[in-house]
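Listed below are the residues making up each chain.
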Amino acid sequence: MQLIILDKMDPETAVSNAVTVQLALKVIALTLDLTAYLFPKQCDVNDDDTFDFIIIGAGSAGSVIANRLSEIEYFKVLIIEAGGDPPLEVMYPGLSSYTYHSRLDWNITSQYDGTTAQCRKDKVIPQFSGRVLGGSSSINCMYYVRGNPYDYNRWAQLVDDETWKWENVLPYFIKSERMLDKDVLKSATGKLHGRHGEIGITRSIDNNTRRFLRSLKEDGIPVTMDYNANKTLGYSDVFFTIADGYRQSTGYRFLGLARNRPNLYILKNTVATKILFNDDKRAYAVEVVAENKIKKVTLKATKEIIVSAGALKSPQLLMLSGIGPKDHLRTLNIDVIANLPVGKNLQDHLAIPILHTLQKNKKKSFPKPFNPHVYPYSNIVGFVALNKSQSYPDYESTINIIDDGAKDLLQLYSFVYQYSDNVSDSIYNYAKESTVIETLITDLHPKSRGEILLRSVNPFDHPLVYTGYLSEEEDLVNTIRYIEDYLRLTHTSYFKKNNAQMIDIVGNMCKGFKFGSKDYWTCYIQCTLNNMTHYSGTCALGSVVDSRLLVRGVKGLRVTDTSIMPYIVSGNTNAPTMMLGEKVSDFIKEVHGALK
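Since this is a predicted model, take the numbers as computed values, not measurements.

Criteria and cut-off values
- The residue numbers shown here count from 1 along each chain, following its written sequence.
- It should be noted that, the model being predicted, local features are given only for residues of pLDDT at least 70 and side-chain atom pairs only at 80 or more, the latter also being counted only at that level, while totals for whole chains, interfaces and linings use all residues.
- Note: side-chain values were computed over all heavy atoms of the structure, leaving out hydrogens and water.
- Note on conventions: DSSP H or I runs of at least 4 residues are helices, E runs of at least 2 residues are strands, and numbering of each starts at the N terminus.
- Exposure categories follow from relative accessible area, calculated using a 1.4 Å probe and restricted to protein chains: below 20% of the type maximum is buried, above 50% is exposed, and the middle band is partly exposed.
- By definition, residues are in contact when any of their heavy atoms lie within 4.5 Å.
- Here a patch means residues that are over 30% exposed by relative accessible area and free of salt bridges, tied together within 9 Å if like-charged and within 5 Å if nonpolar (Val, Leu, Ile, Met, Phe, Trp, Tyr).
- Computed with a 1.4 Å probe, the accessible areas rest on the Shrake-Rupley method; for each residue, only the protein chains presented here act as cover.
- The salt bridge definition used is simple: a Lys or Arg side-chain nitrogen within 4 Å of an Asp or Glu carboxyl oxygen.
- A cavity here means a set of 1 Å grid points, computed over protein atoms only, where a 1.4 Å probe fits but cannot escape. A pocket is an open set with protein on both sides within 12 Å along at least 5 of 7 lines, and lining residues have an atom within 4 Å of a point.
- Grid points are joined across faces, edges and corners, and a volume is the space filled by probe spheres set on the points.
- All amino acids are sorted into three groups, where Ala, Val, Leu, Ile, Met, Phe, Trp, Tyr, Cys and Pro are nonpolar, Asp, Glu, Lys and Arg are charged, and the leftover types, Gly among them, are polar.
- In this scheme, strands are said to pair when DSSP sees at least two bridges between them.

K.L.:
Describe the environment of isoleucine 79, naming the residues involved and giving the relevant values.
P.N.:
Examined against the element boundaries, isoleucine 79 turns out to sit in strand 3 (residues 77-80). Relative accessible area serves as the criterion here: at 0%, isoleucine 79 is assigned to the buried category. When the C-alpha atoms of isoleucine 79 and alanine 58 are compared, they prove to be 6.6 Å apart, with 21 residues separating the residues in sequence. Beyond its immediate stretch of four places on either side in the chain, isoleucine 79 contacts Ile55, Gly57, Ala58, Gly62, Ser63, Ala66, Leu255, Tyr265, Ile266 and Leu267.

In structure tokens:
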């Protein structure tokens, strides 16, 4: 395998073009409001208005909970969302890159740690998180990945509660799912998929993925059709939350389908700033402020308050409300209601980019017309265990095959990921004459932990995000092993036939280290690491919440989002978070006598 070192090229035009498109889309949204009819209308509230349930955050879990609770006609349900209706760039899969660094994103960044992200312009990593109906399901990459039975069995063991075992959470995955791939439904694993749920699921199959997977299979590399079943290992076509040409966000599907229910109320562009407790430590009200910050309103809940603001914002709200590490809260003069490790145990999946070019195109082909209804690249995902007797994966390979995608890659690395100009230039200069295979290598079970801290008592200030990426040496060692294992694919017929060559995107950043050495990969990983935006663990099951997701030490308060995951799942987090929404809805209905 030959290493290609490329010259510089200025990517400023790509960034400028992306910002221009974002502004145009914003103007369209503000002027025409084309998607408003798909979503619930804004409700009017007054101080001291009362509801049975108040849900904070209309994301991957919150939207599910709002739908399921409002199925009970005598439940009065309010959901509060800091963002607004999803615009066109959310609805169309092909426009997803324009959702980042926009009004649809909280625009939070990590704190500089002095070691990682040296290939970034600002040496920090964007912590993308949706501020829009549907939350991060409205701005994510739309991969539908349930994780592995190992994950949920591990949770169940931690809290000594069998309801969290794989066989007991599986029905909740099935409940939300509307599998549209007939081959999957007819297969041996078809019975493990839903046919009538809210979220349409399709598989991404094209000539690129067929050739790639066929080649791997011929070379003895495990290939599977369904990584969302009981056996997840192998390379596969990707399952997407895309159906009928539209993103299947929870805002679109769960809130959209419930938009005419008279017992469902929604506050959009409204921030929950504090949860209030009575003398019995029962959560009874939420203070909210509209986007204009003119007036604070207190809204009451007679039954429960459910926090579903995500693994970055849920801990912030709890700490502002007096639930968190007492020493940290006291430094900000916040009265402590419950001393809990809120904000600790922050986990995320890293994504280390490995790029290969395939042989140059012999003749110039005309670019395909842009279709906003489809995902822009050919996609393959691999879940791999180094120990072949192991039933769960060690790492994930996320593979994009990009034809004539130089401009797309330039925008992705310079605008979305915000890598330095020389990295973006290197990728662009060679991609403009080649097909590129972009692979992201992800350690699925990192040991490193970060934390969320309050920046101030101002709820409109972003929290401090200390990611802790690679703070445990074992994670670095394992990631090197996973990269080396993945690179074995470059010796297969597909890579050889297409004269695959790896691009040295780090250039002088790792100068002096022999390519392929441990020192080289250490430098490469620390410099180029990206994140998968799978933040989790900051209000963890077993330490902050009990096995029914009730916050310990107080009453009437639950947390339901990725923050409750004590250990991050073996894959993307959107599907598991929808499962959490389904599961907690049954917990709540059971307590309040409404479970059928």
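K.L.:
Provide a residue-level description of a nonpolar patch on the surface, including the pertinent values.
P.N.:
A cluster of nonpolar side chains, contributed by Ile28, Leu32 and Leu34, occupies part of the molecular surface with about 250 Å² of accessible area. Classification of isoleucine 28 as partly exposed rests on a relative accessible area of 33%.

K.L.:
Which residues make up the layout of surface pockets, and what are the values?
P.N.:
Unoccupied space between atoms shows up once a probe the size of one water molecule is rolled over them. One number sums up the size of the second largest pocket: a volume of about 520 Å³. Among the elements that make up the lining of the second largest pocket, the one with the highest residue count is helix 1 (residues 12-32) (three residues). Classifying every residue of the lining of the second largest pocket gives 12 nonpolar, five polar and seven charged.

K.L.:
Residues and numbers for the pairing of strand 12 (residues 270-277), please.
P.N.:
Counting buried positions along strand 12 gives seven out of eight residues, so the element sits mostly inside the fold. Bridge analysis of strand 12 against strand 13 (residues 283-290) gives seven bridges, and the strand direction is antiparallel. Residue pairing in the sheet places alanine 272 in a bridge with valine 288 of strand 13. Taking the residues that link successive antiparallel strands as the turn, the strand 12-strand 13 hairpin has five residues, and the phi of lysine 281 there is positive, at about 60°.

K.L.:
Can you lay out empty space enclosed by the protein for me, pointing to particular residues and giving the numbers?
P.N.:
Taken as a whole and judged by the stated rule, the model has five cavities of 30 Å³ or more. A volume near 100 Å³ is recorded for the largest cavity. In the lining of the largest cavity, the residues fall into four nonpolar, five polar and three charged. Here the second largest cavity is characterised by a volume of approximately 40 Å³. The residue inventory of the lining of the second largest cavity, partitioned by class, reads five nonpolar, four polar and two charged.

Taken by themselves, the reported measurements are silent on function.
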